[in-house]
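Examination of the molecular architecture
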Amino acid sequence: MNILLLGSGGREHALAWKMSQSHHCDKLFIAPGNAGTSAFGTNLPFGANDFEAIKKGCLQEKIGMLVVGPEDPLVNGIYDFFQNDSTLQQITVVAPSKAAAQLEGSKAFSKKFMERQGIPTAAYAEFTAANFEDGKKYIAAHSLPVVLKADGLAAGKGVIISQTTEEALKSFEEMILGKQFGEASSKVVVEAFLSGIEVSVFILTDGVDYQIIGHAKDYKKIGEGDTGLNTGGMGCVSPVPFMDEAFMQKVTDRIIDPTVKGLAKENLNYHGFIFFGLMNMNGEPWVIEYNCRLGDPETEVVLPRLQSDLVSLFAAMDNGTLADTNINFDERSCATVMAVSGGYPGDYEKNKLISGLDIPTDSDTMIFHAGTRKTENGVETNGGRVLAVSSFGNNLSDAVEKSKKALSNISFDGIYFRKDIGFEFE
Ligand code: AMP
Ligand code: GLY
């Protein structure tokens with residue numbers, strides 16, 4: 001079967017690497033891909049949101065399966081686009097329907113869904129320009145810190161945690177009246193702050209059955225010791241030490257099972273990944289958010305640890321046999337450290353030549369490209385997050401050390417990476 005993968009980050013390089021190992025995968029295409037994905041398939045020159053170009057590419061390359069990396073095409077309804085087109089209907093699409101992708105596309109939708117299904121999440125209220133004054137009163141009476149979230153997609157930037165009421169009121173006004181995040185912040189969810197340790201859990205589901213694909217802890221802040229601005233993710237570790245059987249059972253019983261049952265009850269058609277962003281508060285799991293995709297850089301540790309054939313799992317999802325499949329994991333620890341461009345997550349320069357990318361293929365380290373592209377000079381930087389360097393180790397710190405060692409041989413102008421990924425588990 002020929003497969004088309006949409007996206008261009010480290011997650012997509014890891015997906016391309018993993019899917020290309022499957023005997024079900026004949027030709028792999030990636031759109032638009034990056035310098036790393038081209039080692040496992042053919043990069044096609046169109047974006048993940050260009051549905052007409054995607055259709056043309058699918059027909060031209062006789063694609064049998066579409067795998068979607070990033071959230072935008074999911075929320076924009078790529079699943080429905082394929083279902084409603086007689087020339088594309090027979091293609092297996094690993095994605096939720098547009099209605100179900102609202103779990104990620106609208107914070108208010110996902111909060112209401114959790115409320116209906118009795119899933120533990122922070123108390124909240126939602127506001128628009130129409131009830132702006134009520135929102136101000138709600139915030140003024142709220143405990144601190146208080147969390148404000150743009151309802152729609154805001155490229156990971158739409159969450160503001162305020163330590164004072166004044167700051168929160170200012171953000172609230174900027175979001176709703178000042179349209180800080182455009183249409184995405186015309187509605188704002190105001191919610192209670194959950195304090196604890198975050199963990200991301202991933203399942204693949206057909207809307208009835210599911211399999212847990214893995215879990216990871218992401219380090220979102222740019223600075224060491226979790227300081228400074230939020231980023232897309234600076235590194236990840238898996239497994240997470242507190243994810244023992246007892247905690248995982250709570251996650252399954254209180255969160256995953258009611259979510260999947262809720263999808264069926266509410267007729268939300270789902271054939272893809274669910275990413276549960278969780279907070280471990282004193283040993284109890286709470287949902288911070290749902291995403292309808294794999295995480296980046298979580299994927300760069302989750303897929304290396306997944307020993308099962310991913311394309312077979314997608315096929316099982318498609319033909320209703322997911323419950324009968326066996327999933328195997330590599331018991332070793334895996335860590336990824338993200339190398340970013342100087343200045344990221346603020347302004348940064350691109351087109352810096354990268355050296356040191358050649359590593360022995362039998363090593364415990366894998367280099368997943370994120371923002372890179374091939375030029376006549378070699379591989380150059382092409383984004384804020386440039387490379388995710390993942391390693392297996394006997395424990396988390398061993399894995400992190402191996403990635404740091406590989407990174408000590410990699411260079412490009414302005415390179416920066418956190419040296420303390422996994423610090424709280426040492
Ligand atoms: P989100 O876009 O919902 O993933 O939020 C981004 C980040 O903000 C999360 O990964 C958390 O670190 C933080 N966050 C979001 N909601 C809360 C909350 N209710 N309590 C504490 N932290 C939160
Ligand atoms: N690393 C967080 C995310 O992919 O949303």
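This section reports on the structure supplied with the text. Computed from a predicted structure; not experimentally measured. (Residues numbered from 1 in each chain as written. Chains lettered and ligands numbered in written order. Predicted model: local features only at pLDDT ≥ 70, side-chain atom pairs only at ≥ 80, totals over all residues. Heavy atoms only, no water.)

**Quick notes on the site of ligand 2**
The condition is simple: We call a residue near a molecule or strand as soon as one heavy atom of that residue lies within 4 Å of the molecule or strand. Any N or O atom pair separated by 3.5 Å or less is treated as a polar contact, with the protein-specific requirement of one donor-capable and one acceptor-capable atom, and with residues adjacent in sequence counted only for side-chain atom pairs. We get accessible surface area from the Shrake-Rupley algorithm with a probe of 1.4 Å; when it comes to residues, only the shown protein chains can shield them. Only Asp, Glu, Lys and Arg are considered charged, only Ala, Val, Leu, Ile, Met, Phe, Trp, Tyr, Cys and Pro nonpolar, and every remaining residue, Gly among them, polar.
Around ligand 2 lies a shell formed by Asp-218, Gly-232, Phe-275, Arg-293, Gly-295, Asp-296, Pro-297 and Glu-298. Taking Asp-218, its side chain carries an N or O atom lying 2.8 Å from a nitrogen atom of ligand 2. Between a nitrogen atom of ligand 2 and a side-chain N or O atom of Glu-298, the distance comes to 2.9 Å. Notes on ligand 2: free accessible area 200 Å², of which the protein chains cover 87%. Taken together, the residues that form the shell around ligand 2 break down as two nonpolar, two polar and four charged.

**A short note on the nonpolar core**
Generally speaking, a soluble globular protein has its nonpolar side chains buried in company with each other. Put simply, the rule is: Here, nonpolar core means buried Ala, Val, Leu, Ile, Met, Phe, Trp, Tyr and Cys residues that are tied together by side-chain atoms lying within 4.5 Å of each other. Buried, partly exposed and exposed residues are distinguished by accessible area as a fraction of the type maximum, computed with a 1.4 Å probe on protein chains only: under 20%, between the cut-offs, and over 50%, respectively. Secondary structure counts use DSSP, requiring at least four H or I residues in a row for a helix and at least two E residues in a row for a strand, with both numbered from the N terminus.
Counting residues in hydrophobic clusters, the biggest one holds 51 residues, and the most contacted among them are Leu-4, Ile-54 and Leu-66. Per element, the largest residue contribution to this core is seven residues, and it comes from helix H9 (residues 245–265).

**Re a nonpolar patch on the surface**
What counts is decided by this rule: By definition, no residue in a patch forms a salt bridge, and every one has over 30% relative accessible area; like charges are joined within 9 Å, nonpolar side chains (Val, Leu, Ile, Met, Phe, Trp, Tyr) within 5 Å. A pairing counts as a salt bridge when a side-chain nitrogen of Lys or Arg comes within 4 Å of a carboxyl oxygen of Asp or Glu.
Among the surface-exposed residues, Val-159, Ile-161 and Phe-193 lie close enough to one another that they form a single nonpolar patch of about 240 Å² accessible area. By secondary structure assignment, the location of Val-159 is in strand E8 (residues 159–162).

**Things to note about the packing of aromatic side chains**
Put simply, the rule reads: Centre distance within 6.5 Å is the pairing criterion for rings of Phe, Tyr and Trp, where only the six-membered ring of Trp is used; planes under 30 degrees apart are then read as stacked, over 60 as edge-to-face, and the remainder as tilted.
Following the criterion strictly, the structure yields 13 aromatic pairs and no others. Here Phe-132 and Phe-172 contribute two aromatic rings whose centre-to-centre distance is 5.1 Å and whose plane-to-plane angle is 5°, an arrangement assigned as stacked. Of this pair, Phe-132 sits in helix H7 (residues 132–140) while Phe-172 sits in helix H8 (residues 165–176), and the two are 40 residues apart along the sequence. Here Phe-172 falls in the buried class, since its relative accessible area comes to 0%.

**Here we look at the pairing of strand E10 (residues 197–205)**
Filter applied, for reference: Strands qualify as paired when DSSP identifies two bridges or more between them.
Here E10 lies mainly inside the structure; seven of its nine residues are buried. Strand direction decides the pairing type here: E10 and strand E15 (residues 270–281), joined by nine bridges, are antiparallel. Note on E15: the bridge partner recorded for Phe-202 is Phe-275. Two elements, E10 and strand E11 (residues 210–218), share six bridges in a ladder whose sense is antiparallel.

**A closer look at the sheet that holds E8**
Selection criterion: Only the stretch in contact is used when fitting a helix axis, every axis being a line fitted to C-alpha atoms; angles between N-to-C directions are given from 0 to 180 degrees. Contacts: residue pairs with any heavy atoms within 4.5 Å of one another.
Within the open sheet, the four strands sit side by side as E6-E9-E7-E8. Their pairing is antiparallel. At either margin of the open sheet sits one strand with a lone partner, and together these are strand E6 (124–127) and E8. Taken pair by pair, the neighbouring strands of this sheet meet at an average axis angle of 20°, ignoring direction. In this structure, strand E7 (residues 146–150) lies alongside strand E9 (residues 188–192), joined through five bridges in antiparallel fashion. The residue bridging Ala-150 from the neighbouring strand is Val-188, located in E9. The strands touched by helix H6 (residues 107–117) within the sheet are E6, E7 and E9, with E6 carrying the most contacts at an inclination of about 145°. Its contacts with the sheet put H8 on E6, E7, E8 and E9, and the angle it makes with E7 is roughly 5°.

**Considering unusual backbone geometry**
Geometrically, the link from Asp-296 to Pro-297 is a cis peptide bond, its omega value of 20° lying close to zero. Here Tyr-344 and Pro-345 are connected by a cis peptide whose omega angle stands at 10°. Considering the arrangement of structural elements, one finds Pro-345 in the loop between strand E17 (333–340) and strand E18 (365–369). With phi around 55°, Asp-226 is a residue other than glycine that occupies positive phi space. Turning to its location among the elements, Asp-226 is positioned in the loop between strand E12 (221–223) and strand E13 (227–230). Overall, the relative accessible area of 31% leaves Asp-226 in the partly exposed class.

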